[in-house]
Amino acid sequence: MNLTELGYVAGWRLVRALPGPVVAAAFRAGADRAHRRGGRGTARLRANLRRVVGPELPEAELDELVRAGLRSYARYWMEAFRLPSLSRQEILAGFHLDGAEMLAADVASGRGAVIALPHGGNWDAAGAWVAATGWPITTVAERLKPEGVYERFLAFRQALGMEIVPTHGGERPAFDVLVDRLRGGAVVPLLADRDLSVRGVEVDFFGGRTRMPAGPALLAIRTGAPLYVTTMWYEPDLARGALVPVEVPDPDSGPLDARVRVLTQRIADGLAAGIARHPEDWHMLQRMWLDQRADTSGAPAQPPTSTQTI
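For clarity, every value in this text was computed on a predicted model and none was experimentally measured.

Brief notes about the overall build of the protein chain
So, point 1. For the protein chain, the helix and strand inventory stands at eleven helices and nine strands.
So, point 2. Here the C-alpha radius of gyration of the protein chain, 19 Å, is about what a compact globule of 310 residues would show, namely 19 Å.
So, point 3. The C-alpha extent of the protein chain, read off along each of the three principal axes, is 55 × 45 × 35 Å.
So, point 4. Residue burial in the protein chain is summarised as follows: out of 310 residues, 52% are buried.
So, point 5. Nonlocal contacts in the protein chain, meaning residues at least 24 apart in sequence, comprise 77% of its contacts between residues at least 6 apart.
So, point 6. Total accessible area on the protein chain is roughly 13,800 Å²; 54% of this is exposed by carbon and sulfur atoms.
So, point 7. In the protein chain, which carries 36 positive and 35 negative side-chain charges, the distance between the mean positions of the two groups comes to 5 Å.

This is the structure we're talking about:
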């Protein structure tokens, strides 16, 4: 077990053992310390949020937004560490989804639903809430290093009731598994706001060019399942989300690759609208746009297994 894995293990154990107010104060203080230090991750968040809010926002207000963003990111980690110790009723009470009735109808009809998520708010709480509601939920996870941390996060999400499919190295291709699950009525949430690899679909996002995963669009087109973009944010005592339906292009509107590009742009537009409403809860501490310099070191990664592209 290396130092990184030891840190996660200690986090899970200590955060669940200490009183909630003590833990919240410690994580908030850690976020404020990161803000004062202004490391690479903080600088990246600042640059990304400047794209969101535009050049008109005064620098002092942007600085406050960055601090709020780091506090929100710290809150995500704190709640993720505490989530396995919560009861089903606590999980249900800790998250609210606007538009849940649409999702209930999709599951009941057996057609399932594809949900495109940002790295925002608490997506783990959202997944746990879906499972606690009694709906089948399947998502994917990229195998990241160190292996021990990956395995612990995998077990963590499985214990919350989520089926996790590896993006690579599984018995079947991840896309085929997700197609089957959707046709069985499952909810399939996928983090959809970043894929800078050559597989990503180039889109316009807050006035700049970036790439986002093709998976959500491909799944909706292939299966006919409803597609939603979800806004994710925090309130003082509650994590929240809101579903926004996304229109899937008609099969006769063009070839598959063109429809995927159109639909991925619609997803990008929906994600941007939600992020603009709650910029402090967008946890993007990595390179986001194609014209930004690549991170070489120092910027913190997103949570292990959260890069969900297919």
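Some remarks on the sheet that holds strand 1 (residues 95–98)
So, point 1. Spatially, the five strands line up as an open sheet ordered 1-9-8-2-5, and their pairing is mixed. Each edge of the open sheet is held by one strand with a lone partner, namely strand 1 and strand 5 (187–191). Each neighbouring strand pair of the sheet contributes to a mean axis angle of 30°, computed without reference to strand direction.

What about the side chain of R259?
So, point 1. Its place among the elements puts R259 in helix 11 (residues 256–277).
So, point 2. Lacking a salt bridge, the buried R259 has D250 as its closest oppositely charged neighbour, with an N-O distance of 7.5 Å.
So, point 3. Ignoring sequence-local partners within four residues, the contact set of R259 consists of I221, P249, D250, P251, S253 and G254.

Details of the pairing of strand 8 (residues 227–235)
So, point 1. In terms of burial, strand 8 is largely enclosed, as eight of its nine residues are buried.
So, point 2. Looking at chain direction, strand 2 (residues 113–117) and strand 8 are connected through three bridges and run parallel. By the bridge assignment, A116 is partnered in strand 8 with V229.
So, point 3. Pairing analysis gives nine bridges linking strand 8 to strand 9 (residues 238–246), with the strands arranged antiparallel. Across the sheet, E235 pairs through a bridge with L238, a residue of strand 9.
So, point 4. Hairpin connection of strand 8 to strand 9: two residues between the antiparallel strands.

A few points about the confidence of the model for the protein chain
So, point 1. Per-residue confidence for the protein chain averages 90 on the pLDDT scale, and 91% of its residues sit at or above 70.
So, point 2. In this model residues 304–308 is a low-confidence stretch, pLDDT under 50, and it forms 24 contacts with partners more than four residues away in sequence or in other chains.

Describing the pattern of salt bridges
So, point 1. According to the stated counting rule, one finds 15 salt bridges in the structure shown.
So, point 2. For E64, the salt bridge goes to R67, with nearest N and O atoms at 2.7 Å. Residue E64 and its partner R67 are located together in helix 4 (residues 59–82), separated by three residues, close to a single helical turn.
So, point 3. Take E64: its relative accessible area is 40%, and that puts it in the partly exposed class.
So, point 4. E163 is the partner of R181 in a salt bridge, and the nearest nitrogen-oxygen pair spans 2.8 Å.

What to know about unusual backbone geometry
Trans peptide bonds make up most of the peptide bonds, and negative phi angles are found at most residues other than glycine.
So, point 1. For F206, which is not a glycine, the phi torsion comes out positive at approximately 50°.
So, point 2. With respect to the secondary-structure elements, F206 resides in the loop between strand 6 (201–205) and strand 7 (208–212).
So, point 3. By relative accessible area, F206 is classed as partly exposed at 21%.

Structural notes on the packing of aromatic side chains
So, point 1. Applying the stated rule across the entire model yields eleven aromatic pairs.
So, point 2. Residues F27 and F81 carry aromatic rings whose centres are separated by 6.4 Å and whose planes lie at 65° to one another, so their mutual orientation is edge-to-face. Of this pair, F27 sits in helix 2 (residues 20–37) while F81 is found in helix 4, placing the two residues 54 residues apart along the sequence.
So, point 3. Ring geometry for W282 and W289: centres 6.3 Å apart, planes at 80°, overall edge-to-face. Across this residue pair, the class does not change: W282 and W289 are buried.

Let's talk about the environment of I275
So, point 1. Of note, I275 is situated in helix 11.
So, point 2. Taking the C-alpha atoms as reference, I275 lies 18 Å from A125; in sequence the two are 150 residues apart.
So, point 3. Leave out the neighbours within four places in its chain, and I275 touches V52, P118, F205, F206 and W282.

A look at the environment of R75
So, point 1. Looking at the secondary structure, you find R75 in helix 4.
So, point 2. When the C-alpha atoms of R75 and A17 are compared, they prove to be 17 Å apart, with 58 residues separating the residues in sequence.
So, point 3. Among residues more than four places away in sequence, those in contact with R75 are Y234, E235, P236, D237, L238 and A239.

Cut-offs and rules
- Residues numbered from 1 in each chain as written.
- Predicted model: local features only at pLDDT ≥ 70, side-chain atom pairs only at ≥ 80, totals over all residues.
- Heavy atoms only, no water.
- Helix = DSSP H or I, 4+ residues; strand = E, 2+ residues; numbered from the N terminus.
- Rg over C-alpha atoms; globule rule 2.2 N^0.38 Å.
- Buried < 20%, exposed > 50% of the residue type's maximum accessible area, 1.4 Å probe, protein only.
- Contact = heavy atoms within 4.5 Å.
- Areas by Shrake-Rupley, 256 points an atom, 1.4 Å probe, with all protein chains shown as cover.
- Lys, Arg positive; Asp, Glu negative; His and termini not counted.
- Charge placed at Lys NZ, Arg CZ, Asp CG, Glu CD.
- Pairing = 2+ DSSP bridges.
- Axes fitted to C-alpha atoms, helices over the stretch in contact; angles between N-to-C directions.
- Salt bridge = Lys/Arg side-chain N within 4 Å of Asp/Glu carboxyl O.
- pLDDT = per-residue confidence, 0-100.
- Phe/Tyr/Trp six-rings, centres within 6.5 Å; stacked < 30°, edge-to-face > 60°.

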